[in-house]
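Summary of the model geometry
This is what each chain is made of:
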Amino acid sequence: LPSLLTSLVNQTYPRDLYEIIIANDSSQDTSADIIREFQQKWPQIILVDVVNRHQVRSPKKNALAQAIAISSGDVILTTDADCLVSQYWVEAMSALFYEETAMVAGFSRTRLADWQQAPLVQKFEHFDFLSIFLAAAGAVASRKYFSCSGQNLAYTRQAFQLVGGFSRIGHLVSGDDVNLMQLFRRAGLRIVYNFSRHSFVTTRPTGSWQQLLNQRIRWASNLKHQIYLNPEFFLYLVACFLFILLPFYLLFCCWWLGLLLIGIRVLADLKFLARGREIFLIEKNKLKFYPYWFLLQPGYIFLVTLLGLAGAFRWKK
């Protein structure tokens, strides 16, 4: 939190034109004390003590809604407490609000100080993060508004109010980002992706497989809601699920077809990752992890999808 606040108060954007609102959602640690200490020097920091946490279905949407309610800006930028932004973040994200743009989705990845020494779970998470965000960026650039992340997201207050804020998706535990994007899409609003390196955000890596799986299961819980929010996105997710798992199943009953599909997928993946490496400045040595990710992904996807559909995850306390 101190690192995030330091990065937010040292933006290139004029300090009198943006405010920093931190939603304290019943934290039991020293978060509030840290924020108040920063407030003494930086008056644009505003602390919101969230109320009614245990009376709502989605704690995060509740916290965001209360923070947005007291904000005064025309554009809302969101990130998480375990993230870090560059000094140009506000400027870079705000720069794309032209031609009636309603939402700007941004790139995020985990922060690894030493790739070689990082444990397997953090390498897998980092690589998986890259694949997810590369796919999301490609979709938005193709005007297929499928996915985004609240770690790096911006939208206008006018558009947020137009779709009714979170009121229509408040009954969904997760999805303050991707489901909000679907409301914007259904309202015919313009959404763009920010490819500027100055807009990129990094987030703290997970500490264990249990934490990673819980996070991904929570994300996957939004899959079934896309049936009515965005049927095209739902079919895309189903196709990805089948394309990942089917070749390995075919190895046991029609091995040559299974190998053919695996070969096609590997070629497509490598071309996709090579393009993503150029755009998002991904270190070349990290692509060597692809074989490990490729072999671990089927079991991981199968487990995450089934448990996500069952809603078998725990929200952060």
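My aim in this report is to walk through the structure given alongside it, one point at a time. (Residues numbered from 1 in each chain as written. Predicted model: local features only at pLDDT ≥ 70, side-chain atom pairs only at ≥ 80, totals over all residues. Heavy atoms only, no water.)

At a minimum axis distance of 12 Å, the contact between helix α11 (residues 255-280) and helix α12 (residues 290-309) shows a crossing angle of 130°. Considered as vectors, α11 and α12 are oriented oblique to each other. Note that α11 runs across α12; the crossing there is right-handed. Contacts between α11 and α12 pair I262, R265, V266, D269, L270 and L273 from the former with Y290, W293, F294 and Q297 from the latter. (Axes fitted to C-alpha atoms, helices over the stretch in contact; angles between N-to-C directions. Helix = DSSP H or I, 4+ residues; strand = E, 2+ residues; numbered from the N terminus. Parallel < 35°, antiparallel > 145°, perpendicular 65-115°, else oblique. Left-handed = near helix turned anticlockwise from the far one by under 90°. Contact = heavy atoms within 4.5 Å.)

A few words now on the sheet that holds strand β4 (residues 83-85). In spatial order, the strands read β4-β9-β6; together these three strands make up an open sheet with mixed pairing. Taken across any chain shown, the strands that pair with only one partner, and hence form the sheet edges, are β4 and β6 (108-110). Neighbouring strand axes in the sheet, compared pairwise and without regard to direction, differ in orientation by 25° on average. Of the pairings in the sheet, the one linking β4 to strand β9 (residues 201-203) comprises three bridges and is antiparallel in character. Counterpart to L84 in the pairing with β9 is T202. Along the sheet, helix α5 (residues 120-141) contacts β6 and β9; its crossing angle with β6, the most-contacted strand, is approximately 170°. (Pairing = 2+ DSSP bridges.)

Turning next to the pattern of salt bridges. Applying the stated criterion to the full structure yields nine salt bridges. Linked through salt bridges whose partners overlap, the residues forming this network are K60, D80 and D176. (Salt bridge = Lys/Arg side-chain N within 4 Å of Asp/Glu carboxyl O.)

A word on the packing of aromatic side chains. In this structure the tally under the stated criterion is 26 aromatic pairs. Ring centres of F127 and W293 lie 5.3 Å apart, and the angle between their planes is 45°; on these two criteria the pair is classed as tilted. In this pair, F127 is assigned in helix α5 and W293 in helix α12, connecting sequence segments 166 residues apart. When its relative accessible area of 1% is taken as the criterion, F127 is described as buried. Measuring from ring centre to ring centre gives 5.9 Å for Y155 and F184, while their planes differ by 75°; the resulting arrangement is edge-to-face. Of this pair, Y155 sits in strand β7 (residues 153-156) while F184 sits in helix α7 (residues 178-186), and the two are 29 residues apart along the sequence. When sorted by exposure, Y155 lands in the same class as F184, which is buried. Aromatic ring contacts, followed pair by pair, group F107, F129, F133, Y193, F195, F200, W219 and F280 into a single cluster. In this arrangement the basic side chain of R190 is found over the ring face of Y98, its NZ or CZ atom lying 5.9 Å from the centre. (Phe/Tyr/Trp six-rings, centres within 6.5 Å; stacked < 30°, edge-to-face > 60°. Buried < 20%, exposed > 50% of the residue type's maximum accessible area, 1.4 Å probe, protein only. Lys NZ or Arg CZ within 6 Å of the ring centre and 35° of its normal.)

In this structure, Y155, L180 and F184 are the most contacted members of the largest nonpolar core, which totals 56 residues. A per-element tally of this core places α5 first, with nine residues. In this view, F184 contacts A102, M103, Y155, A159, F160, V163, L189 and I191; residues no more than four positions away in its chain are not counted. Counting residues in each nonpolar core, the second largest holds 23 residues, with L8, I20, V90 and M93 among its members. (Core = buried A, V, L, I, M, F, W, Y, C linked by side-chain atoms within 4.5 Å.)

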